[in-house]
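In case you want the letters, here they are:
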Amino acid sequence: FIAVTGLCFGSFISLISYRMARDLPYAAVRSRCPSCGTALSARDLIPVLSYLLARRACRHCRAPMSPRYILLELATAGSFLG
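What you are looking at is a predicted structure, and each value in this text was computed from that prediction instead of being measured.

Criteria and cut-off values
- Residues numbered from 1 in each chain as written.
- Predicted model: local features only at pLDDT ≥ 70, side-chain atom pairs only at ≥ 80, totals over all residues.
- Heavy atoms only, no water.
- Axes fitted to C-alpha atoms, helices over the stretch in contact; angles between N-to-C directions.
- Helix = DSSP H or I, 4+ residues; strand = E, 2+ residues; numbered from the N terminus.
- Parallel < 35°, antiparallel > 145°, perpendicular 65-115°, else oblique.
- Left-handed = near helix turned anticlockwise from the far one by under 90°.
- Contact = heavy atoms within 4.5 Å.
- Nonpolar A, V, L, I, M, F, W, Y, C, P; charged D, E, K, R; others polar.
- Patch = residues over 30% accessible without salt bridge, like charges linked within 9 Å, V, L, I, M, F, W, Y side chains within 5 Å.
- Areas by Shrake-Rupley, 256 points an atom, 1.4 Å probe, with all protein chains shown as cover.
- Salt bridge = Lys/Arg side-chain N within 4 Å of Asp/Glu carboxyl O.
- Phe/Tyr/Trp six-rings, centres within 6.5 Å; stacked < 30°, edge-to-face > 60°.
- 1 Å grid on protein atoms, 1.4 Å probe; cavity = no way out; pocket = protein on both sides within 12 Å on 5 of 7 lines; lining within 4 Å.
- Points joined across faces, edges and corners; volume = space filled by probe spheres on them.

A. Seen up close, the packing of helix H1 (residues 2-21) against helix H3 (residues 68-81). Contact geometry of H1 with H3 gives a least axis separation of 7 Å together with a crossing angle of 135°. Taken together, the axis directions place H1 and H3 in an arrangement best described as oblique. Relative to H3, H1 is oriented so that their crossing is right-handed. The residues of H3 that touch H1, namely those facing Ile2, Ala3, Thr5, Gly6, Leu7, Phe9, Gly10, Ser11, Ile13, Ser14, Ser17 and Tyr18, are Arg68, Tyr69, Leu72, Glu73, Leu74, Thr76, Ala77, Phe80 and Leu81. Split into classes, the residues belonging to the contact of H1 with H3 amount to twelve nonpolar, seven polar and two charged.

Structure below.
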């Protein structure tokens, strides 16, 4: 439970850091692929699992996703466990 909570927080931290760096709104806007702009569905937003199932690429345009997302999620989960 603690690790899953850490993964969720890591995903949220990743979202906030991405949007802050680009001066985008934090809420009320669905997450989108940075390459093609397609809105991500709920199945695309499951920490770690979505990244691995999509084979590290957008399901729509196949643009590669940065490993930064999964690494931040895993690091946060490890911090929660620690």
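B. Local environment of a nonpolar patch on the surface. A contiguous nonpolar patch, built from Phe1, Ile2, Phe9, Ile13, Phe80 and Leu81 and spanning about 670 Å² of accessible area, is present on the exposed surface. Of all elements in the fold, only H1 and H3 reach the threshold of two or more residues within the nonpolar patch. With three residues, the top contributor of residues to the nonpolar patch is H1.

C. Up close: the packing of aromatic side chains. Taken as a whole and judged by the stated rule, the model has one aromatic pair. Their ring planes at 35° and their centres at 5.3 Å tell us that Phe9 and Phe80 sit as a pair that is tilted. Highlighted residues: Phe9 in helix H1 and Phe80 in helix H3, separated in sequence by 71 residues.

D. Quick look at the layout of surface pockets. Space inside the largest pocket adds up to approximately 830 Å³. Along the wall of the largest pocket there are 34 residues; nearest its centre are Ser31, Arg32, Leu40, Leu45 and Tyr69. Looking at the lining of the largest pocket, the elements that each hand over two or more residues are H1, helix H2 (49-53) and H3. Tallying contributions element by element places H1 first for the lining of the largest pocket, with five residues. Classifying every residue of the lining of the largest pocket gives 21 nonpolar, seven polar and six charged.

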